[in-house]
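# Inside the fold
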Amino acid sequence: MEAADRKLTLEEAFAQLEEVTRSLEDEKLSLEDSFRVYQKGMELLKYCNESIDKVEKKVLVLNGEGKLDEF
């Protein structure tokens, strides 16, 4: 997966997920290729979820009372 080679933006990862979806809809795709494409999609999905979690954590900020507030 490209995410391992270089840091993908979230937008790039979502674009690749769209490609994966289109590939899996292709009835001419062999079973072996389907599994390979599916695995890539699952890796991209995991990457997206982790990226979103990181952003959500950054959005939380401490207020003056030492409590976490959403930004």
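It should be emphasised that the depicted structure is a prediction, and the values quoted were computed from it without experimental measurement. (Residues numbered from 1 in each chain as written. Predicted model: local features only at pLDDT ≥ 70, side-chain atom pairs only at ≥ 80, totals over all residues. Heavy atoms only, no water.)

The next thing to look at is the overall build of the chain. When helices and strands are tallied, the chain shows three helices and two strands. Scanning the chain from its N terminus toward the C terminus, one meets helices and strands in the order α-α-α-β-β. Taking all 71 residues of the chain together, the buried fraction comes to 17%. Counting only contacts in the chain whose residues sit at least 6 apart along the sequence, the fraction spanning at least 24 positions is 50%. (Helix = DSSP H or I, 4+ residues; strand = E, 2+ residues; numbered from the N terminus. Buried < 20%, exposed > 50% of the residue type's maximum accessible area, 1.4 Å probe, protein only. Contact = heavy atoms within 4.5 Å.)

A separate point is the pattern of salt bridges. Summed over all chains, the structure comprises one salt bridge. Between D33 and R36 there is a salt bridge, with the nearest N and O atoms lying 3.8 Å from each other. With a gap of three residues between them, D33 and R36 both fall in helix α3 (residues 31-59), about one helical turn apart. Given the relative accessible area of 30%, D33 is considered partly exposed. On the basis of relative accessibility, which here comes to 51%, the residue R36 falls in the exposed class. (Salt bridge = Lys/Arg side-chain N within 4 Å of Asp/Glu carboxyl O.)

The nonpolar side chains of a soluble globular protein tend to be buried with one another. One finds L8, A13, L17, V20, V37, L44, Y47 and C48 forming the largest nonpolar core, which totals eight residues. Breaking this core down by element, the ones donating at least two residues are α2 (10-25) and α3. In terms of residues, this core owes the most to one element, α3, which gives four residues. (Core = buried A, V, L, I, M, F, W, Y, C linked by side-chain atoms within 4.5 Å.)

On to the environment of S34, then. Here S34 is to be found in helix α3. In sequence terms S34 and S23 are eleven residues apart; their C-alpha atoms lie 8.0 Å from each other.

Let us look at the confidence of the model for the chain. On average, residues of the chain carry a pLDDT of 85, and 80% of them reach 70 or more. Across the chain, the element-wise mean pLDDT spans from 46 in helix α1 (residues 2-5) up to 96 in α2. Taken as a whole, residues 1-5 scores under 50 in pLDDT and shows eight contacts with residues more than four places along the chain or in a different chain. (pLDDT = per-residue confidence, 0-100.)

To continue, consider a nonpolar patch on the surface. A cluster of nonpolar side chains, L24, Y38, M42 and L45, forms an exposed patch at the surface whose accessible area comes to about 360 Å². The leading source of residues in the nonpolar patch is α3, at three residues. One can find M42 in helix α3. On the basis of relative accessible area, M42 is assigned to the partly exposed category, the value being 40%. (Patch = residues over 30% accessible without salt bridge, like charges linked within 9 Å, V, L, I, M, F, W, Y side chains within 5 Å. Areas by Shrake-Rupley, 256 points an atom, 1.4 Å probe, with all protein chains shown as cover.)

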